[in-house]
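# A structural walkthrough
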Amino acid sequence: MDAIEQNKNTVTSFIQALFTKGDLGAVDEYLAEDFVDHDPPMGGPADREGMRQAAAMFRAAFPDWHSDLGFLVAEGDLVVECFTASGTQQGEIFGVPGSGQTAALPGINIFRVRDGRITERWGRLDELGLMRQLGLVPQS
């Protein structure tokens, strides 16, 4: 397996472990100590703990939260992931009590991988769409 395929494998393994299986230890396994999140999910801290907090928050509200890969592209040390994450809301999130409704969060992430660990993330998530699904923002 060449370096690009290894980087893609690192990213997909991380996403599946953290967001589909809910393994918060994946943060320690896959993210470098000096990991920087240039676009922290939901405005959290821009480090490993911010990623762990985001995953824990979604897992608590959506116990079946999972990420489905749309496509994965890599070049050099960069891996781009287009995905849709979704789950059934059973617990509170952003002050909204569990509803039993399914919510989806599409997005795109760019990861930089060095020596088998993720060192940086840039991303765009459809947070507005999620807020609309939760009833926090009116439909337009």
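In case you missed it, the structure is sitting above this.
Presented here is an overview of the structure given in this document. None of the values given here were measured: they were computed from a predicted structure.

Let's shift gears to the packing of helix 1 (residues 3-20) against helix 3 (residues 48-61). In a packed pair of helices, the relevant descriptors are the angle between the two axes and the axis-to-axis distance. Between helix 1 and helix 3, whose axes approach to 9 Å, the crossing angle comes to 50°. Judged by the inter-axis angle, helix 1 sits oblique to helix 3. In contact with F14, L18, F19 and T20 of helix 1, helix 3 contributes M51, A55 and R59.

With that settled, the discussion passes to the packing of aromatic side chains. Under the criterion given, the structure shown has 5 aromatic pairs. Three or more aromatic residues joined by ring pairs make a cluster, and in this case those are F14, Y30 and F111.

Turning our eyes to something else, we now look at the sheet that holds strand 2 (residues 66-75). Taken together, 5 strands build an open sheet; the order of strands is 1-5-4-3-2 and the sheet is mixed. One side of each edge strand has no neighbouring strand; the edge strands of this open sheet are strand 1 (31-37) and strand 2. Between one strand axis and the next, the sheet turns by 25° as a mean value, whatever way the strands run. Across the sheet, helix 1 is in contact with strand 1, strand 2, strand 3 (78-88), strand 4 (102-114) and strand 5 (117-125); its angle to strand 2 comes to roughly 165°. Lying on the sheet, helix 3 is in contact with strand 1, strand 3, strand 4 and strand 5; it crosses strand 1 at an angle near 80°.

The next point concerns the pairing of strand 2. In this structure, strand 2 lies alongside strand 3, joined through 9 bridges in antiparallel fashion. Residue L69 lies in a different strand from strand 3, and its bridge partner there is F83. In this structure, the hairpin formed by strand 2 and strand 3 is closed by a connection of 2 residues, where G76 is found at a positive phi of approximately 60°.

Cut-off values and rules
- Throughout, residues of each chain are indexed from 1 in the direction in which the sequence is written.
- Residue-level local features of this predicted model are given only where pLDDT is at least 70; pairs of side-chain atoms are given and counted only at 80 or more, and the full residue set underlies all totals for whole chains, interfaces and linings.
- The side-chain numbers reported here are obtained from all heavy atoms of the structure, hydrogens and water having been left aside.
- Only the stretch in contact is used when fitting a helix axis, every axis being a line fitted to C-alpha atoms; angles between N-to-C directions are given from 0 to 180 degrees.
- Only DSSP runs of H or I covering at least 4 residues are called helices, and only runs of E covering at least 2 are called strands; the numbering of each starts at the N terminus.
- Reported orientations rely on four angle classes, namely roughly parallel under 35 degrees, roughly antiparallel over 145, roughly perpendicular from 65 to 115, and oblique for the rest.
- By definition in these notes, contact holds between two residues if any of their heavy atoms fall within 4.5 Å.
- Two rings from Phe, Tyr or Trp (for Trp, the six-membered ring) form a pair when their centres sit within 6.5 Å of each other. Planes less than 30 degrees apart are called stacked, planes more than 60 degrees apart edge-to-face, and all others tilted.
- A strand pair is defined by DSSP finding two or more bridges across the two strands.

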